[in-house]
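Results of the structural survey
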Amino acid sequence: MPPSKNKNTKTNKAAETAENKVVAENENQEVEQTASADLEEKKEVVSEPTTTETKKEDEEKDPKNNESTKEADAPIEDDFTARIIVVTSGKGGVGKTTTAASISTGLAAQGHKTVVVDFDVGLRNLDLIMGCERRVVYDFINVLHGEANLNQALIKDKRTDNLYILAASQTKDKDSLSYNGVGKVLKELSDMGFEYIICDSPAGIEAGALIALYYADEAIVTTNPEISSVRDSDRILGILYAKSRRAVQNKDSVVCKLLLTRYDVNRVTKEEMLSLNDVQELLRIPVLGVIPESKEVLKSSNDGAPVILNTKCDAGKAYQDAVKRLLGEEVPLRFITEKSFFQKIFS
Ligand SMILES: Nc1ncnc2c1ncn2[C@@H]1O[C@H](COP(=O)(O)OP(=O)(O)O)[C@@H](O)[C@H]1O
Ligand SMILES: [Mg+2]
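Quick caveat, the model's predicted, so the values are computed rather than measured.

Among the six residues in strand 3 (residues 83-88), five count as buried, and that is most of the element. One ladder, built from five bridges, connects strand 3 with strand 7 (residues 196-200); its direction is parallel. Looking across to strand 7, one finds that Val87 is bridged to Asp200. Relative to strand 8 (residues 218-223), strand 3 runs parallel, the two being bridged by four bridges. Following the sheet pairing, Val87 is matched in strand 8 by Ile220.

A few words now on the sheet that holds strand 8. The eight strands are arranged 5-6-4-7-3-8-9-10 in an open sheet whose pairing can be described as mixed. The open sheet terminates on both sides in strands that have one partner only, identified here as strand 5 (155-156) and strand 10 (287-292). Where strand 9 (residues 255-263) meets strand 10, four bridges bridge the pair, whose relative direction is parallel. Counted as the bridge partner of Leu258 is Val287 from strand 10. Packed onto the sheet, helix 9 (residues 179-191) meets strand 3, strand 4 (114-118), strand 6 (163-166) and strand 7 and runs at close to 145° relative to strand 7.

With 55 residues, the main nonpolar core has Leu166, Leu189, Ile197, Tyr215 and Leu240 as its most contacted residues. When residues of this core are assigned to their parent elements, the largest contribution, six residues, is made by helix 10 (residues 207-215). If we skip the residues at most four places from it in the chain, Ile197 touches Ala82, Arg83, Ile84, Ile85, Val115, Val117, Leu186, Leu189 and Ser190. Grouped together as the second largest cluster of nonpolar side chains are 34 residues, Ala167, Leu259, Val307 and Ile308 included.

The next subject is the confidence of the model for the chain. Here the chain averages 83 in pLDDT, while 77% of its residues score no lower than 70. Ignoring residues within four places in sequence, the model shows residues 1-61, a span with pLDDT below 50, making 75 contacts including any to other chains. Across residues 66-70 the pLDDT falls below 50, and counting only partners more than four positions away or on other chains, this stretch makes six contacts in the model.

Packed helix pairs are characterised by how far apart their axes lie and by the angle those axes make with each other. Contact geometry of helix 10 with helix 11 (residues 227-243) gives a least axis separation of 9 Å together with a crossing angle of 50°. When the axis of helix 10 is compared with that of helix 11, the two are oblique. The two elements helix 10 and helix 11 cross, and the hand of that crossing is right-handed. Residue-level contacts link Leu210, Leu213 and Tyr214 of helix 10 to Ile236, Ile239, Leu240 and Lys243 of helix 11. Partitioned by chemical class, the residues of the contact of helix 10 with helix 11 number six nonpolar, no polar and one charged.

Quick look at the packing of helix 9 against helix 10 now. It is at 10 Å that the axes of helix 9 and helix 10 come closest, and there the two elements cross at 50°. Between helix 9 and helix 10, the angle falls in the class oblique. Considering how the two elements wind past one another, helix 9 and helix 10 form a crossing that is right-handed. For the pair helix 9 and helix 10, the contacting residues are Tyr179, Asn180, Val182, Gly183 and Leu186 in the first and Leu210, Ile211, Tyr214 and Tyr215 in the second. Residue classes in the contact of helix 9 with helix 10 are distributed as seven nonpolar, two polar and no charged.

Surveying the vicinity of ligand 1 reveals 13 residues, the closest of which are Gly93, Lys96, Thr97, Thr98 and Ser294. Between ligand 1 and Thr97 there is a distance of 2.9 Å, counted from an oxygen atom to a side-chain nitrogen or oxygen. Taking Ser294, its main chain carries an N or O atom lying 2.9 Å from a nitrogen atom of ligand 1. For ligand 1, the protein covers 82% of the area, taking 560 Å² as the surface of the free molecule. Taken together, the elements giving at least two residues each to the shell around ligand 1 come down to helix 5 (96-109), strand 10 and helix 15 (295-303). The element that contributes the greatest number of residues to the shell around ligand 1 is helix 5, accounting for three residues. Of the residues belonging to the shell around ligand 1, the class tally is five nonpolar, five polar and three charged.

Bringing the packing of aromatic side chains into the picture now. One pass over the full model with this rule turns up five aromatic pairs. Summarising the aromatic geometry, the rings of Phe80 and Tyr215 are spaced 6.1 Å apart at their centres and angled 85° between planes, so their arrangement reads as edge-to-face. Of this pair, Phe80 sits in the loop between helix 4 (67-70) and strand 3 while Tyr215 is found in helix 10, placing the two residues 135 residues apart along the sequence. Looking at Tyr215, the relative accessible area reads 1%, which means it is buried. With 5.0 Å between their ring centres and 85° between their planes, Tyr214 and Tyr215 make a pair best called edge-to-face. These aromatic residues form a ring-pair network of at least three members: Phe80, Tyr179, Tyr214 and Tyr215. Between Lys113 and the ring centre of Phe194, over which it is positioned, the NZ or CZ distance is 4.6 Å.

Rules of the game
- Residues numbered from 1 in each chain as written.
- Chains lettered and ligands numbered in written order.
- Predicted model: local features only at pLDDT ≥ 70, side-chain atom pairs only at ≥ 80, totals over all residues.
- Heavy atoms only, no water.
- Buried < 20%, exposed > 50% of the residue type's maximum accessible area, 1.4 Å probe, protein only.
- Helix = DSSP H or I, 4+ residues; strand = E, 2+ residues; numbered from the N terminus.
- Pairing = 2+ DSSP bridges.
- Contact = heavy atoms within 4.5 Å.
- Axes fitted to C-alpha atoms, helices over the stretch in contact; angles between N-to-C directions.
- Core = buried A, V, L, I, M, F, W, Y, C linked by side-chain atoms within 4.5 Å.
- pLDDT = per-residue confidence, 0-100.
- Parallel < 35°, antiparallel > 145°, perpendicular 65-115°, else oblique.
- Left-handed = near helix turned anticlockwise from the far one by under 90°.
- Nonpolar A, V, L, I, M, F, W, Y, C, P; charged D, E, K, R; others polar.
- Near = heavy atom within 4 Å.
- Polar contact = N/O pair within 3.5 Å; in protein donor to acceptor, adjacent residues only side chain to side chain.
- Areas by Shrake-Rupley, 256 points an atom, 1.4 Å probe, with all protein chains shown as cover.
- Phe/Tyr/Trp six-rings, centres within 6.5 Å; stacked < 30°, edge-to-face > 60°.
- Lys NZ or Arg CZ within 6 Å of the ring centre and 35° of its normal.

Put into structure tokens, the structure is as follows:
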């Protein structure tokens, strides 16, 4: 939320109880914010059963909402030749990093020069899933700070040709991500000849997530078949349509596609989970894929090999299908109905 322009100190009761202190925009003078609408907004957000924290807190972390950084942190407005795809969700733990690892591996395996960038500063999961954590010397934040160049920080994948990883820093310095800095790095990657830049976004709408959303041409909206996850994804769609670079520049909107992950047909049948149809009806975006719940996903992560490389498991096959759809092929959906007796025996 932008700082209040109200410089008057109100003395009524509401002002005394309102604990929201804001810094006056021009005079750095603390005033008490009395807007009851703000209190209402806070109440509404607290009652929302989502993992995204309070809306106000998140918005304050958005560098574009901070008047003092707005001018200094101008986004890069150039056109990029690379296709920038953000793997996003409102909720954490839904399978974004698993998806970013598998989709980037799948695109590279199809011959497309691809880089996967970890925007989740502080967590740094992507390099673990890609099995390159011991090879990280320089990371995304080092590049942003000018401590290393991209050639030093990019890690060439050891399994798949055409694939590079830009790891996140484990330091908790999330403020290092700026619209301007990230835009320059994305532009440089694009100019290096990468066809696809896959951005593994953090959960919610913290700064790193908003910056990744801003530069997206395409979004893989990763969602679990449960109402809180769907609701959070819907909120992300709102941001993509309203705040992304494409929206700001009045270009064609970001292409948003649904990836329904951890889909358990048995639980859907028992109505313990939302069905694909339910989720589609709520979000109303085209389906990129449905990834079944599978123990192989965790096994693959522990082995440091993206699950798409496991061509025998259903989750691996479903990610392969999703990559084909991303490249424009028409591939029927699988793993959305219960297996027949014979399928169970032979799988
Ligand atoms: N299709 C799946 N089946 C089973 N477990 C999954 C599946 N996708 C993701 N997971 C598990 O869910 C957890 C969160 O996945 P992750 O990709 O790290 O999510 P995020 O990046 O959204 O936080 C991990 O333990 C991962 O192994
Ligand atoms: Mg993640």
